[in-house]
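Coordinates in review
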Amino acid sequence: MDLVNVEGVSPALFVTGIVFILMIGSFLSLGVLRFFQLKKRQGGIYMGLSVLSLIGLLVAVETWFV
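Owing to the predicted nature of the structure, the values given are computational and were not obtained by experimental measurement. (Residues numbered from 1 in each chain as written. Predicted model: local features only at pLDDT ≥ 70, side-chain atom pairs only at ≥ 80, totals over all residues. Heavy atoms only, no water.)

A look at the overall build of the protein
Looking only at helices and strands, one finds 2 helices and 0 strands in the protein. Over its C-alpha atoms, taken along the principal directions, the protein stretches across nearly 45 × 30 × 15 Å. The buried share of the protein, taken over its 66 residues, is 17%. Long-range pairs, those at least 24 residues apart, make up 52% of the contacts in the protein between residues at least 6 apart in sequence. Surface summary for the protein: the accessible area is close to 5400 Å², and the carbon and sulfur share equals 73%. (Helix = DSSP H or I, 4+ residues; strand = E, 2+ residues; numbered from the N terminus. Buried < 20%, exposed > 50% of the residue type's maximum accessible area, 1.4 Å probe, protein only. Contact = heavy atoms within 4.5 Å. Areas by Shrake-Rupley, 256 points an atom, 1.4 Å probe, with all protein chains shown as cover.)

A look at the side chain of Thr16
Mapped onto the elements, Thr16 comes out in helix α1 (residues 11–36). A distance of 2.7 Å separates a polar side-chain atom of Thr16 from the backbone oxygen of Ala12. For Thr16, the residues in contact, after removing those within four places along its chain, are Leu57 and Phe65. (Polar contact = N/O pair within 3.5 Å; in protein donor to acceptor, adjacent residues only side chain to side chain.)

Structural notes on the side chain of Ser53
Take Ser53: it is sitting in helix α2 (residues 40–64). In this structure Ser53 touches Phe20, Met23, Ile24 and Phe27, once residues within four positions along its chain are discounted.

Digging into the UniProt feature "transmembrane region" (unreviewed entry) in the protein
When the UniProt feature table is mapped onto this chain numbering, "transmembrane region" (unreviewed entry) sits at residues 12–33 and 45–65. The straight-line gap between the two end C-alpha atoms of residues 12–33 is 32 Å; of that span, 100% is helix and 0% is strand. Secondary structure within residues 45–65 divides into 95% helix and 0% strand; the distance between the first and last C-alpha atoms comes to 29 Å. (UniProt positions renumbered as here; feature names shortened; annotations may be inferred.)

If you want it as structure tokens, here you go:
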């Protein structure tokens, strides 16, 4: 097992990734919870927000960090 070198990751990229990962995970878990509570409309909205957050992460990384 080798060590991974993370010296190339800037603090701004790290914070951006953490914020978006927290947003995506929160919306995804709320969507699943609402589906289990049989609130399909709210579940769909949260799942859609999760997808939009993922797209936002991809756009932010492509725009500022490539």
